[in-house]
Amino acid sequence: MPGTPPKFEITSMPRIERGWRVFFFYSCAVSLTGFVSMLFADLLWRTGWSTSRTVLLVLFIILFLFIAIGCVHGVFGFVLRTFGDRRRITKLKNHRDQDISGTSTAIVFPIYNEDVVRVYEGLRATFESLAKTGQLERFDFFILSDSTDPDKWVEEERRWYDLIRELDALGRIYYRRRLVNEARKSGNVRDFLNTWGRRYRYFIVADADSVMRGETLVDLVKMMEAHPTVGLIQTVPALVNAESLFGRIQQFANRLYAPVFIAGLNYWALDLGNYWGHNAIIRTEPFMQFCDLPQLPGRKPFGGQILSHDFVDAALMVRENWEAWLAYDLEGSYEEAPQAMIENAQRE
């Protein structure tokens, strides 16, 4: 991306504390794997050893290690949710009284041939909730269309006009459609940043099915202001509006297990967290400076454009010593999920 924003002084968490957490967490997973693998090896030895059983044992150890890591995430998360953890972004500092009067934040909705009514109603709910906080003037909304269906173009523009008229939001909600769908969603966001990014200290990325509470948006900005070394804060969206059996199962699992497992993940990841591409706030200048995705050499699928851009974006930020946190206990972040297994596979 063009331009070279100024360097920032970065002071991250002491590496010793983070290192001990990583060591303790994965030692538990490895110890559990070792204990169970010894029992399995003893069973194989008693029933007769062979080359095929050696291969079986190796595969068992590798696969069980993944299971053990997931198990330890759940155990650690349960303990932390029960007794608390001081090392989480929402508790490191008292951000509630942080002044955000000098900030500007863009909330961007990248869309591609979406259900226009659903997108705009989600934006409306977020806009109205934010207005109730009294901080609406600190935020602008952008609908970033990559739609290729002409009928969608017309509907998007017509409903955008209706929306700003109904909400009296001219100059607050913007609509832009790209002529060339280059680099998909990551290219859509990059095009926005190239054009308008320097007007905003932060930007919040939403999906077409995202809804966020106004208090949550304000809290995210306050946390960024309170922590100048943080480059990205990812919320954990709760699934809503599921209607099919598959969707209800996904929603149930998300509500029951996600808070526990993400708390376990945050225990060892801390400021080396991740980004899932939506419902997250990002500091604009370092993102523009460091997160312009490269074209991978070679032939597809291992070369060309990076489709899972969000994980890579987080890695690029962390590589430059900007912190990335998971605000797993911050409520008011929502999304919808595919209602069928095939749709879910296509999304993945």
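1. Comments concerning the side chain of arginine 88
Part 1 of the reasoning: You can see arginine 88 is positioned in the loop between helix 2 (51-83) and strand 1 (105-111).
Part 2 of the reasoning: A relative accessible area of 18% means that arginine 88 is categorised as buried.
Part 3 of the reasoning: Excluding residues that lie within four positions of it along the chain, arginine 88 makes contacts with Asn266, Trp325, Tyr328 and Asp329.

2. Overview of empty space enclosed by the protein
Part 1 of the reasoning: Under the criterion given, the structure shown has 1 cavity of 30 Å³ or more.
Part 2 of the reasoning: Lining the largest cavity, in full, are Ile107, Phe109, Thr126, Ala206, Ser210, Val211, Met212 and Leu217.
Part 3 of the reasoning: Going through the elements one at a time, strand 1 and strand 5 (211-212) are the ones with two or more residues in the lining of the largest cavity.
Part 4 of the reasoning: Taken together, the residues that form the lining of the largest cavity break down as 6 nonpolar, 2 polar and no charged.

3. So, the environment of valine 72
Part 1 of the reasoning: Relative to the elements of secondary structure, valine 72 occurs in helix 2.
Part 2 of the reasoning: Valine 72 sits in the buried class, given a relative accessible area of 5%.

4. Points about helix 6 (residues 214-226)
Part 1 of the reasoning: Compared with an ideal rise of 1.5 Å per residue, which puts 13 residues at 18 Å, helix 6 spans 18 Å between its outermost C-alpha atoms and is within 8% of the ideal.
Part 2 of the reasoning: Burial runs high along helix 6: 12 of the 13 residues are buried.
Part 3 of the reasoning: For helix 6, every residue scored as buried is listed here: Gly214, Thr216, Leu217, Val218, Asp219, Leu220, Val221, Lys222, Met223, Met224, Glu225 and Ala226.

5. Quick notes on the pattern of salt bridges
Part 1 of the reasoning: Considering all chains together, one arrives at 19 salt bridges under this definition.
Part 2 of the reasoning: The salt bridge partner of aspartate 42 is arginine 46, with a shortest N-O separation of 2.7 Å. Of this pair, aspartate 42 and arginine 46 both sit in helix 1 (residues 15-46), 4 residues apart, which is roughly one turn of that helix.
Part 3 of the reasoning: Since its relative accessible area comes to 34%, aspartate 42 is described here as partly exposed.
Part 4 of the reasoning: A salt bridge links aspartate 207 to lysine 185; its shortest N-O distance comes to 2.8 Å. Here aspartate 207 is found in the loop between strand 4 (202-205) and strand 5, whereas its partner lysine 185 is found in helix 5 (residues 184-196), with 22 residues between them in sequence.
Part 5 of the reasoning: Judged by its relative accessible area of 23%, lysine 185 falls in the partly exposed class.

6. Comments concerning the state of the cysteines
Part 1 of the reasoning: Enumeration according to the criterion identifies 0 disulfides in this entry.
Part 2 of the reasoning: Between cysteine 28, a cysteine without a disulfide, and cysteine 71, which holds the nearest cysteine sulfur, the sulfur-to-sulfur distance is 10 Å.
Part 3 of the reasoning: Judged by relative accessible area, cysteine 28 falls into the partly exposed class, the value being 25%.
Part 4 of the reasoning: The class for cysteine 71 is partly exposed, based on a relative accessible area of 38%.

7. Quick word on the sheet that holds strand 8 (residues 280-283)
Part 1 of the reasoning: Read from one edge to the other, the open sheet built from 7 strands follows the order 3-2-1-4-8-6-9, with strand pairing classed as mixed. Only two strands of the sheet have a single neighbouring strand rather than two, namely strand 3 (173-177) and strand 9 (323-327). Looking at each pair of strands side by side, their axes are set apart by 20° on average, direction ignored.
Part 2 of the reasoning: Pairing of strand 6 (residues 230-235) with strand 8 involves 3 bridges; the strand directions are antiparallel. By the bridge assignment, leucine 232 is partnered in strand 8 with isoleucine 282.
Part 3 of the reasoning: Across the sheet, helix 4 (residues 150-167) touches strand 1, strand 2 (139-145) and strand 3, and the angle it forms with strand 3 is around 170°.
Part 4 of the reasoning: Relative to the sheet, helix 6 contacts strand 1, strand 2, strand 4, strand 6 and strand 8, its axis offset from that of strand 6 by approximately 155°.

Scoring rules and cut-offs
Residues numbered from 1 in each chain as written. Predicted model: local features only at pLDDT ≥ 70, side-chain atom pairs only at ≥ 80, totals over all residues. Heavy atoms only, no water. Helix = DSSP H or I, 4+ residues; strand = E, 2+ residues; numbered from the N terminus. Buried < 20%, exposed > 50% of the residue type's maximum accessible area, 1.4 Å probe, protein only. Contact = heavy atoms within 4.5 Å. 1 Å grid on protein atoms, 1.4 Å probe; cavity = no way out; pocket = protein on both sides within 12 Å on 5 of 7 lines; lining within 4 Å. Points joined across faces, edges and corners; volume = space filled by probe spheres on them. Nonpolar A, V, L, I, M, F, W, Y, C, P; charged D, E, K, R; others polar. Expected span 1.5 Å × (residues − 1). Salt bridge = Lys/Arg side-chain N within 4 Å of Asp/Glu carboxyl O. Disulfide = S-S within 2.5 Å. Pairing = 2+ DSSP bridges. Axes fitted to C-alpha atoms, helices over the stretch in contact; angles between N-to-C directions.

Any functional reading would require information that these geometric values do not contain.
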